[in-house]
Each structure stands twice: as structure tokens, then as C-alpha cells.
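Architecture at a glance
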Amino acid sequence: MTDVIAPPGTHEPTELHLPPEVPLGDGHEPHGGHEEHGPTGILKWLTSTDHKVIGLSYMITAIVIFYISGIMALFMRLQLATPHSSLLTFSQYNALFTMHGGLMLYLFAGPFAFGGLANYIVPLQVGAPDMAFPRLNALSYWLYLTGSITMLLGFFVAGGAAQFGWVAYAPLSSATSSPGAGPDLFLMGIALTGFSAIFTGVNLCGTIFYLRAPGMTMFRMPIFTWNMLVTGILILIAFPVLTAAVVMLFCDRHFGTHIYTATGCHLVNGHAMVSCGSPLLWQNLFWFFGHPEVYILALPFFGIVTEVLPVFSRRPVFGYKGMVFATMAIAALSTGVWAHHMFTTGAVLLPFFSILSLLIAVPTGIKFFNWIGTMWHGQLTFTTPMLFSIGFLFAFLMGGVTGIMLASPPIDFAVHDTYFVVAHFHQVLVGTAVFGGFAGVYYWYPKMFGRMLRESLGKWHFWLLFIGFWVTFMPQYVVGLLGMPRRVASYPSNLGWQSYNLVSTVGAFIIAASFAFLLVNFVVSWRKPIPAGDNPWDAHTLEWFTTSPPPHHNYTHLPPIRSERPTWDYNHPDALTVPHGKGVHTNGKANGKVTASV
Amino acid sequence: MALGALLLTGCQLPTFGAYKGATSQARSTFHLWQGFFIAGIIVGGFTLLLITWVIFRYRRRSDEMPRQTQYHTVTEIFYTVVPILIVIGLFVATVLVENTVTAVEPNPAAKIDVYAFQWGWEFSYPNGVKVIGQTTDAPTMMVPTGQTVRITLRSYDVLHGFYVPEFNFSRYASPGYYTEFDFNVLHDGVYRGQCTQLCGLYHSLMFFNVRSVSPSAYRTWLRVTGAYQRTHPNSIGQLPADLHANINGTVPSYSGNSGNSGNSGSGNTGNTGGALSGD
Amino acid sequence: MKVSAVFLLLLRTFFGIVGLVYWFWSYEDGGGLMLLGVTLLGFLPGLYYFFWHRRFHGHKYFFWGNIPAAGDRPSDREDAEMADGAGVIDAFPGSSIWPFVLGMGAFTTVLALIFGIWLAFIGVPLILTALAGVTAESRRGGNV
């Protein structure tokens, strides 16, 4: 049935001074939130438009793909442990790194962040009953799932999966250089998941602009929601360009166009044919998507960290408005830096892209210092989500510094397409998507399932991952500076690179072991649950006000929303969040009403 | 500026893992790297210390409610402005080195056309000498030490990367346009190179060498090899028979066509990319 | 509302400036056009919110008309109570088979491009059925 929703708060307050209740549906009495709505079982999964069900589907699919892609990486590292390993053929290795990159970037990091966690959490954080377009939301998930299957089908066709790298540079990705169905499946997988992302972006922007609860002004939204809004806008900027580029590449491959290929350019009376294609065009289009894409991947996880750090420091976010403006600045700058991936073509305007790339360090640095400021003078408890967030800080710090080095074209000339770059992007991506993402998993798992994950297993996961992370990627910086290129299935044995590669492989297996602990944690916490309650972490934002898991349409009661920490204000009237500009310390107002505006 | 002073004293600093550089351009890049690395240590180290300090100092000691400070405008302005200044400094240093590295001078002593293909290299000299090698049969490019060498880089088929680690330099070879760069090798020696942009199945094996000898030895080599190749055309290495594509629509012929070597493929300069490469 | 407008317009002005700088500095077409596209993309909702905000605050709608001020929506007011948001928010379809059908149709059609056009005979009807189903569902306010 369709639920026509009236917002919470249309009745008088009860004697318990609880916030007013929500009347659900069309005049029904309020429920305790446990009523079954609609179909159950497999049919529920196929037809549900509830953002929580969809978000969970996304997250489970994404984590499964993460494990599959991780196993691919393990094979790659095994191959590189010795210089001329015969574990994999060159063709298999090339397919593995293409698919590892494609799976992680298109099918795990993005969908987990904006399709999974944001889908689940953003409506809760703004006090909405669901996303703005529930059926579009469900369509996004099905396009994501089918897109993932499409990409993975590449392994099962003759000729194997795509082997041209996740960036699919033309003309290597043309039909003559990469024939077969595997590359086509890769490209079509990108197209399907691209549409999935675009629809999710529409949903995010619509929900955040239109479905906020009364009192939840834009500057009272949690930073995670702000980041998801900016991510949604970046998605709308970037993904259509990618989809168009991929469609054109498909046309080049199958319909005889010469958009990206310069082959077959014939001299006509000594002059080149005007219709010669340009491989540079693919690079420009792809990276115009590609660079905002990495910020689409990073910003949600920045948001997660900004949720976790205040809770476990028992302080508000430091510099809330600075965080918001820094996020906007990062998004704005990220659309202007795409050609820093093309410095070595010799065909791009070096100083323009260099200065903008260097400038991105400024808002990122602002966020960093705000995170530190959040913890300053706090009372830190090192729960698993907090550990992962701090691990993110360390990982991203070094990844960011090496990124600044790469933003300088002469340095980039020296290390482009070497393992230095591989180490850099793994540091930033693993730092954000893995450390930040699993911080989110451990943080919000109690809200989603009503039970706690085991802290001891979580700590094993963190420490093994943290140690394995540094052991894997630090040697890669060194060997990249020595000149080892990326995307190579073998390397000369007389250059002294083997010891670094061997250490890196050992690190990769340590990381793999850490993820075994996560699986065990999931199983144990399900079999022997520890009930979580509504707010096990004494957290601040609105989603912790409702039950765990939240009821259908999310809220039966809502507190008054007078700051960016409505749940905290309700639970701690002696330490209210004071609006920006009104002083730094609490003054003990009991009813949460603040008269002046920002 | 402090950064400039640091760059000037660069020769006494550690290399931080990079090559000092075998060409004059590479030396500039190396000093820039040292400057960036030091800036990275300072800024990164400072932030690292802050994080570590916070983790240890502010562990939970009691149930006392901590100060709920939400902002501090002066501090926030400080850590906005200071990074901007650092970035501007890094950018200025970058532009100075970048102009040195990408500069092409009007009259180089040696001009070599480099063609990349799947999976090897062709080095083509102005007097008709060609050096061609595939995968592990790596071709060696002879260059004169101490003089400017101009490379014009193209690809016959897909993107490749011309990368010499000890030159601290790489550039893409692309079909459809050519790109040019200069280098001045400082000392005699053999420097290994490798393709650095994924180009298909045997990308890992696309090796080459750059061998730098004295200018007189270079001229001798050029003359002798040119004469030998004219009388023994079969001694020139072979391009692969199934070379996928080429720039001007015909299979490049190299036997006895010494006059063509400078022209093949130069008719199609593609887009403005070629013009920008000389910035 | 005002925040949304300012946010989007500021971003777009930034892109516009960057785009102009890039265009005139590099004469490179691809990037210049893409930056122009982003600028225009942002002006669309940004200007929409801008004029909406002006209407809700009693300013003349563009340069003509006299609309009485209605104030901000409850979600934009800082002192709003829950009761202020009373009334129907929106229609949220509880469950619907049509996204799944549309997704499967898109999947099959895409595979048709790769494996053979015969698959399109399955995929396109699925898509059309789903589109019809969603439209009927919306009109009836519930599952078909």
C-alpha cells in the first residue's frame, strides 16, 4: 500500500513530556513500530521501496564485491612476490588488475557510500520518513546489482574479462586492440551502475532539499548529510560525462565511429583527414568524471569520520561551518583538476591544473584540523569505530601529502604510472573507503540491527588492518621511486625490487586476515546477540533518537531540533549545543529553545 | 624564500629515495622533490604529532563533561591562510622547475624520432639510421653527453609511456599527435627505460636503453651505422608484421627509404596537443 | 531555501570563472565545454531556488507581481515546532514490483547489445511493461 505520511508532532505532548507522536498512514492509530507492512521474505526484497531495505541490500552486495575484489588483489600480490612468477599468465594478470580496480571503484566504494550508508542514514538524519523518490531508489539498486553482474560476467566469456585497466584508455580499448565481449561487458557495467548512481544522486539532493523535519535547517544538518548533499551534486556533474564517454567508446567499438581512435587516418593530398579521432578526448572526458569520482568516493567517508569522532570525544564538531565550506570548496576545486592525471601527455595546460590540485590541500587541511579540534579537550573512548576513524586520519594524512607531491608536474613526470602513484591512491582510498567505511559499519550496525558487534573482534580487525596497511603500501612508495611501473605482471630480477614486493605481499595477506575477523564478528553477533538499545554510544544526531532498528517510516517521536545535535540536546540539557556565533560554553537552558538565530 | 634556500643547499640533503638525476632537467626535478619532501615532513609531521598528542593526552579520564567548544575563529583563519601560503610557495617552485624541464631549445645537437609500438621501440635518426627492438630485445638509443637531445615522440598504435627512471622523466607516446621534449645527459652511461603506460599484453616487457657517449663518439657511431644500414638493410630490426595501425594509413616501409624517416607520420599532427607540448 | 540558492549559485559562479580562465588560457575545447556545462547545470536549480526564495519572502517575483510573504517552510525555520509540519508530506509507495522489472529490462537490453539482439525482445517489453505499471501505480496511489 502507499503510505501517505503526516509528519510527527501533530498531537499534544503526553504527560511524560515525550515529543509528540507520529500518526502513521491514513488515520490509523500510532503503532509501536513492529507492524508488518507489505510482503515478506524474498518478495519483500524484490519489491521493497523502503530506504532501509534498499540501503542494506546495497551494503551487503558491496561488501561481497569488496571481498571478491580483495581476493583478486591477493592473487596479484602473489604474482608480484617473485619477479617472473608463472602463477598467472600476462593476460590473466591484466584482467585481474582491471577488474580489481573496476570492482573497487565502480562497484564497492561508491555504491557502499552513497547507495548503501547514505540511503539508510540520510533520511534518518534529516527526520524524513523515506527518500524523496522511493521507487527510483529501488531502481537504482537493481541497476547496481545488474551492472555488477554484467561486469563480473566478463570472467565467463571467451577471451576473458577486460584487460585494459579500469581507466579503459583509448585506443587500447578499441575493438582492434581489445576485442571480445569482456571489454563490452565492462563498459556496459559502467553504464548501468552509472545510471544507478545518477538516480541516487537525484534522490539524495531531493531528500535533503525537501524532506527535512521542521527545525532542521540546512546549517543544523549533520556533517555526514552535508557531505552526502555535496556528493549528490558531484554525482550529477560527473557521472553523465562518464556515461556519455562510455557510450561513445561503445560506438567506436561496434558502430564504426572514430571518436577516440586515430587509426585509419589517411593522408589526403598531404593533409590529415578532419575526422581523425583523438585518444586525448577519452582521457579528458574520463578524467573529468574520474577526479570528481574520487571525491565522490572520499566525501561520504569524511562524513562518517565527522560523525564518529565527536561522539567518542563527547564534544561537538569543531568548526561546523568551516567543515561545510571546506566540503563545498573541495567539490568545486575537484571539477577543475582533472588533467593532473594527464600531465605526462604533454598536451595539457600544466600550471592551471597544478595550482588547482595544490589548492585542494587547503580545504582538506581545514577538515583535518577541524577533526583534531573536535578531539581536543575531549574525553576519548577508543571503541572500534573510533579506532577506525583514527586509522583513517593517519592513512589519509600521508596519502594526502604524497598527493601534493603528485600535483607538481615535474615530480609527476618522474613517478607517473609507477608504484608511487599506486601507493598514493591506495593510501587515500583504503584510508577513506576501508577505514572510514568500516568505521561506519561498526558505528551504525547497532542502529540497523538492534545488536552490538563484538568489541574484541573489532579491535583485532582494526589492528591487523592497520599494520597490514602500512606493511603493504610503504614498500610500494620506495619501489615506485626506484622506477617500477604499474600494471606489470613481471619485473626484472636484477634491480633489487623483489624484497620490497615480497614485503608488500606479506602485508596484503595481513589485511586479508583482518577481514576474516569481520566475518566472524558478523556471525557471532548474529548468533549470540547483545541488545543495543536506541542509543548505545550516547550519540548526537537524530537517527539515534529512534528505535534500533528504526520502525517503518522511521520515527514515532521526534525531539525538538534546535542545533546540529538534537539527540544530544534532548539527553543532555545541561550541555546544550549552542548555535554558531552565540558563545562557546553551555548555559544550562532546560527547554532547548534558543531565541536568537544564526 | 626559505624553500629557495633549501633548494640551493639541496646537494647536502638526503635523496629521500629518488634518483639524483642523470640529466640537467632531472637534477632540477630532484631538487624540487627534495623541497616537497621536506615541506611534507614539516606539515605532515606537525599534523601527525598533533593527532598523536590528542590521542594520548585526551583519553577518557573521568565522566566529567568536556568543554563543548564548537569553533575558534582565529585558529580557523590561521589554518586556512597558512596552508594557502605554503601552497603558493610550492606552486612557484613548481612552475620554475617545470619551465626548465619542459623547455625545448631551437637548435638541439641531436634530434631523434621515437616511435612506440606494441611492444617495442623504434629510434629514428636524421641521417636514416633506425634502431628497432621488441620486448626483451631492448633497443638502445645512442645520445651525445652534455648536448641537448631533442626527442619527438609518437606511437604507431596505442598509448605507450616513454620512461627513463634516472632521467626523472616520462611522457606518453600517442597516436594522432606528436610531442617533443629535450634532455641533456650529464655523464656517460647506460640508463634503462621501460614503457609505463599500459599498452596490452606484453606491456611489462617493453624495455629500452639510453646510452650516452661523448659527442665525437656519437657522431662516429651515427656515420658508421648509417653507412652500414644503407648497405645492409636487413640488419635493421623488424617492426611486427601485424602492427595494428599507423598514422598515415600505410605500412611504414624502411628498406632503402632513408629520406622518409623524418617524414613518416609527421603529416598528421592531430590536434593542438602537439603545439602545447613545447610550453 | 536561501542557503540552497546561495550554495548552488556560488558554486556555479566559481565554475563559471574557472571555466572562463581555462578557456582563454588553454584554448582547449573539451575541458572548456565541460566546465561550461557544469556552470549551466548549477544555474538551473540555483536560480530556481533563488526566485522561489524571493517569492516566499514577499519580494516581487522577478520584477513584476506582488506576492504576499509566506515565510520559510518549517524545515528552514529555526524555531519550528513539530506541529508546524503537520499535514501530508508526500506519497511514499510502500512496495512496488516495477523497479525490479525495469531493472531486469535494462539489464537484458544492455546484454542484447553484447550478446545478440534477440535478447532485446525480452528486455524492451520488460521496460515498457514496467513504465506502464509505474504510471498506473502512481495514478492509483498504490500497487497495481
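Every chain is numbered independently, its residues counted from 1 as its sequence is written. Here every chain gets a letter starting at A, and every ligand a number starting at 1, in the order they are written. Residues qualify for local features only when their pLDDT is at least 70, as the model is predicted, and side-chain atom pairs are given and counted only at 80 or more; totals for whole chains, interfaces and linings, by contrast, use all residues.

A few words on the sheet that holds strand 8 (residues 179–184) of chain B. All names here are of chain B. By this definition, two strands are paired if DSSP reports at least two bridges between them. The numbering of helices and of strands both runs from the N terminus, where a helix is a DSSP run of H or I of at least 4 residues and a strand a run of E of at least 2. If you trace the five strands from one edge of the open sheet to the other, you get 3-2-1-5-8, paired in mixed fashion. In the strand order of this sheet, the two ends are held by strand 3 (130–134) and strand 8, each with one partner. Going across the sheet, the axis of each strand differs from the next one's by a mean of 20°, ignoring polarity. Bridge count between strand 2 (residues 120–124) and strand 3: five bridges; the pairing is antiparallel. Bridge assignment links G120 to a residue of strand 3, and that residue is Q134. Between the N-to-C directions of two axes lies an angle of 0 to 180 degrees, each axis being a line fitted to C-alpha atoms and, for a helix, fitted only over the stretch in contact.

For the rest of this paragraph, the subject is the sheet that holds strand 6 (residues 160–164) of chain B. Residue and element names in this part refer to chain B. Strand order in the open sheet made by the five strands is 4-10-9-6-7, with mixed pairing throughout. The open sheet has two edge strands, strand 4 (140–144) and strand 7 (169–173), and neither has a second partner. If you compare each strand with its neighbour and ignore which way they point, the axes differ by 25° on average. Sheet analysis places strand 9 (residues 189–195) next to strand 10 (residues 207–213), joined by six bridges and oriented antiparallel. Counterpart to Q194 in the pairing with strand 10 is F207. Strands strand 4 and strand 10 of the sheet are contacted by helix 4 (residues 215–231), whose axis makes an angle of about 130° with strand 4. Residues are defined as contacting one another if the C-beta atoms placed from their backbone atoms lie within 7 Å.

What follows covers the interface of chain B and chain A. Each partner contributes to the interface: chain B provides 76 residues, whereas chain A provides 87 residues. Take the side of chain B that touches chain A: its biggest share by element is 13 residues, from helix 3 (residues 73–102) of chain B.

Moving on, we get to the confidence of the model for chain A. All names here are of chain A. As a per-residue measure, pLDDT reflects the predictor's confidence and takes values from 0 up to 100. Considering every residue of chain A, the mean pLDDT works out to 86; 88% of them sit at 70 or more. Residue range residues 22–36 is modelled with pLDDT below 50. Its contacts to residues more than four positions away, or to other chains, number 19 contacts. Segment residues 266–274 is flagged for pLDDT under 50; beyond a separation of four residues in sequence, or across chains, it makes 13 contacts in the model.

Take the packing of helix 3 (residues 90–126) of chain A against helix 13 (residues 419–449) of chain A next. Residues and elements named next belong to chain A. Where helix 3 contacts helix 13, the axes come no closer than 11 Å and their chain directions differ by 25°. The angle between helix 3 and helix 13 places the two elements in the roughly parallel class. Considering only the axes of helix 3 and helix 13, their crossing is left-handed. The residues of helix 13 that touch helix 3, namely those facing A109, F112, L117, Y120 and I121, are L429, A433, G437, G440, W444 and M448. Grouping the amino acids of the contact of helix 3 with helix 13 by side-chain chemistry returns nine nonpolar, two polar and no charged. Note on terminology: angles under 35 degrees are roughly parallel, angles over 145 are roughly antiparallel, angles of 65 to 115 are roughly perpendicular, and the others are oblique. Put simply, a crossing is left-handed when the front helix is turned counterclockwise from the back one by less than a right angle, and right-handed when it is turned clockwise. Put simply, Ala, Val, Leu, Ile, Met, Phe, Trp, Tyr, Cys and Pro go in the nonpolar bin, Asp, Glu, Lys and Arg in the charged bin, and everything else, Gly too, in the polar bin.

Moving on, we get to the confidence of the model for chain B. Residues and elements named next belong to chain B. Residues of chain B with pLDDT of at least 70 account for 82%, and the chain-wide mean is 81. No element of chain B has a lower mean pLDDT than helix 5 (residues 273–276), which averages 28, and none a higher one than strand 6, which averages 95. Overall, residues 244–279 carries pLDDT values under 50, and its contacts beyond four positions in sequence, including any with other chains, amount to 78 contacts. Taken over the whole predicted complex, pTM reads 0.87, whereas the ipTM for its chain interfaces reads 0.86.

Residue and element names in this part refer to chain B. A domain assignment, automatic or from a database, supplies the domain bounds used here. Looking at chain B, the domain boundaries give domain 1 (2–60 + 70–102) and domain 2 (110–248 + 259–266). Facing 10 residues of domain 1, the contacting portion of domain 2 comprises 13 residues. With five residues, helix 2 (residues 24–57) is the largest single contributor of residues to the side of domain 1 that touches domain 2.

Checked against the element boundaries, W33 of chain B lands in helix 2. Here W33 of chain B falls in the buried class, since 27 other C-beta atoms lie within 10 Å of it. It is 9.9 Å that separates the C-alpha atoms of W33 of chain B and G17 of chain B, two residues lying 16 residues apart in sequence. For W33 of chain B, the residues in contact, after removing those within four places along its chain, are I411 of chain A together with F16 and A18 of chain B. Exposure classes come from backbone-placed C-beta atoms, where a residue is buried if 20 or more other C-beta atoms lie within 10 Å of its own, exposed if 12 or fewer do, and partly exposed in between.

As used throughout, a nonpolar core is a set of buried Ala, Val, Leu, Ile, Met, Phe, Trp, Tyr and Cys residues joined through C-beta atoms within 7 Å of each other. If you look at the biggest cluster of nonpolar residues, it comprises 293 residues, and the most contacted ones within it are A439 of chain A together with V114 of chain B. A per-element tally of this core places helix 3 of chain A first, with 22 residues. Excluding its chain neighbours within four sequence positions, the residues that come into contact with V114 of chain B are W121, F123, I151, T152, L153, F162 and A173 of chain B.

It is worth spelling out helix 10 (residues 361–375) of chain A at this point. Residues and elements named next belong to chain A. A helix is expected to span 1.5 Å multiplied by its residue count minus one. When the terminal C-alpha atoms of helix 10 are compared, their 21 Å separation across 15 residues agrees well with the 21 Å that a helix rising 1.5 Å per residue should span. Counting buried positions along helix 10 gives 14 out of 15 residues, so the element sits mostly inside the fold. With its phi angle positive at about 60°, H377 sits one or two positions after the end of helix 10.

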